[in-house]
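# Examining the three-dimensional arrangement
So the chains spell out like this:
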Amino acid sequence: MDDNGAHIGADGGPGTDGVLLLIGCGMRKYREYLLAGAAAAHPVWLFTGEEPDWQAPYLTGHTVVDVMDRAAVLAAARELAADVPVRATLSWDETLIVTTAHVAEALGLPGAGVDGVEGCRDKFRSRRLLTEAGVAQPRFAYVDTAEEALTAAAEIGYPVVVKPRGMGASIGVVLAADADEVAGAFRTADEASQIGAVPYRSGALVEEYLDGPEISIDAAVVDGEYHPMFVARKQVGLFPYFEEIGHHVAADDPLRTDETLLGMVRAAHRAIGYRHGITHTEVKLTARGPVIVEINGRLGGDLIPRLGQLATGIDPARAAVRAALGLRPDFTDTEHRTVGIRFGYPPEDCEVRSVLPPTEAEGLLAAEAIAEPGTELRLPPNGYLARHSYVVVTGADPAETDARLDAAAALVRLDARPLAVPVPA
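Residues numbered from 1 in each chain as written. Predicted model: local features only at pLDDT ≥ 70, side-chain atom pairs only at ≥ 80, totals over all residues. Heavy atoms only, no water.

## Things to note about the overall build of the protein
Along its length, the protein carries 11 helices and 20 strands. In summary, the protein has a C-alpha radius of gyration of 21 Å against a globular reference of 22 Å for 425 residues, a match within 12%. Looking at the protein residue by residue over its 425 residues, the buried ones come to 55%. For the protein, contacts bridging at least 24 residues in sequence account for 67% of all contacts bridging at least 6. For the protein, the accessible area works out to roughly 17600 Å², and carbon and sulfur atoms hold 50% of it. Across the protein, 37 positive and 61 negative side-chain charges occur, with their mean positions spaced 3 Å apart. (Helix = DSSP H or I, 4+ residues; strand = E, 2+ residues; numbered from the N terminus. Rg over C-alpha atoms; globule rule 2.2 N^0.38 Å. Buried < 20%, exposed > 50% of the residue type's maximum accessible area, 1.4 Å probe, protein only. Contact = heavy atoms within 4.5 Å. Areas by Shrake-Rupley, 256 points an atom, 1.4 Å probe, with all protein chains shown as cover. Lys, Arg positive; Asp, Glu negative; His and termini not counted. Charge placed at Lys NZ, Arg CZ, Asp CG, Glu CD.)

Structure, rendered in structure tokens:
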């Protein structure tokens, strides 16, 4: 440990290349492949809220700091940079990307820019900027009360989507079919926002419902130039909520090179002023053409980048490191297949006793239990991301992959105790 409380890895230091400062890391089941890939591309120094455990073998060094305290992170980054050459900053945690942008700015490093990241993180800001730039958007309004939500919904026309201003993973997003459902939808979105970052708490966005399939695109942005990696097709469920229950990525998906789609997404990135980094853009394919759902200033969650890696051979962690360094990515497919993931949800609120994923299934690449014994899983609106497991499979095409996902998911064995439904206050 040095005089600043930072810990240096067993190799003695970062060497002449300096370090990539990674702020936050996330759960092992979802993020280890990214940390391993980043460490293979460049020495990594981790800012973390607690002493590293499974992360340790991948690190050149680490600093224990409250990563939710922006001032503390900035101070620790300046202390680190005084002792160790810091070449770039990176985070794949939605709650930390704004802080990471502030660190990059403070240290004079390549980055998305604070304004660029706020254009992702603040969904109201994003909607305004994209609309002003003429990028296809749903009709929308920002509201502070259920009464305002009702007025906005009547002006927009039903059905509408009500969602928090700054959450991810479709948390708190609700479809309201008519006026009777708007108040409840607003309450769900507003309450969900309370667990998020302070600047985006309270209120909600009311938006026109976009009919059509939803996709996401993970891409690198360098000097404002957009470089797509792969496209994921999303499966949602538990309506009227929008829980993401699965995705699949095909190397030969024609949307990877669709100029109408990519031109629209490039225009969206120019509109928010995103300079250097990775983005995960969600798009609805509507009858009037592609429409932006949201832009996220990070790699996708739900293991989507891992699916892309398995399907195309493109390493998303290496791409993220290069973009953070301000270097152009090299996207050349070395794999050509379709890969999908399906998340297991319980049929009702429950306390998990055990989860047993399959060890064999047609095309099975991975199967993991997510929920530990004793975990309480509550379905929306009582809770979100109530997942007990996931399975990953490959198939010859999307149809075969979906069929194999159905079969593999049916083999997961969940033993759980039902929970009482919470009584509204």
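So that's the structure; there's more coming.
## Quick look at helix 5 (residues 123-132)
Among the residues of helix 5, Lys123, Phe124, Ser126, Arg127, Leu129 and Leu130 are the ones counted as buried. Structurally, helix 5 contributes buried residues whose contacts are with helix 4 (114-121), strand 6 (140-143), strand 7 (160-163), strand 9 (204-208), helix 8 (259-272) and strand 14 (289-296). Where helix 5 begins, the capping side chain belongs to Asp122, and its oxygen is found 3.1 Å from the backbone nitrogen of Phe124. (Polar contact = N/O pair within 3.5 Å; in protein donor to acceptor, adjacent residues only side chain to side chain.)

## Topic: the sheet that holds strand 14
Spatial strand order, 14-13-10-11-12-15-19-17: eight strands in an open sheet with antiparallel pairing. Each end of this open sheet is capped by a strand with a single partner; those strands are strand 14 and strand 17 (364-369). Across this sheet, the average inter-strand angle for adjacent strands is 25°, counted without regard to direction. Note that strand 15 (residues 338-344) and strand 19 (residues 389-395) share seven bridges and pair antiparallel. Of the residues in strand 19, the one forming a bridge with Thr338 is Gly395. (Pairing = 2+ DSSP bridges. Axes fitted to C-alpha atoms, helices over the stretch in contact; angles between N-to-C directions.)

## Overview of the packing of aromatic side chains
In total, this model carries four aromatic pairs according to the counting rule given. Here Phe124 and Tyr142 contribute two aromatic rings whose centre-to-centre distance is 5.1 Å and whose plane-to-plane angle is 20°, an arrangement assigned as stacked. Note that Phe124 is positioned in helix 5 and Tyr142 in strand 6, a separation of 18 residues in sequence. Ring plane angle 85° and centroid distance 5.5 Å describe the contact between Phe239 and Phe242, whose orientation is recorded as edge-to-face. Connected via pairs of aromatic rings, a cluster forms that spans Phe124, Phe140 and Tyr142. One Lys or Arg, Arg128, reaches over the ring of Phe124 and ends 4.8 Å from the middle of that ring. The residue whose ring lies beneath Arg387 is Phe343, and the NZ or CZ to ring-centre distance is 3.7 Å. (Phe/Tyr/Trp six-rings, centres within 6.5 Å; stacked < 30°, edge-to-face > 60°. Lys NZ or Arg CZ within 6 Å of the ring centre and 35° of its normal.)

Honestly, it's all geometry; don't read function into it.
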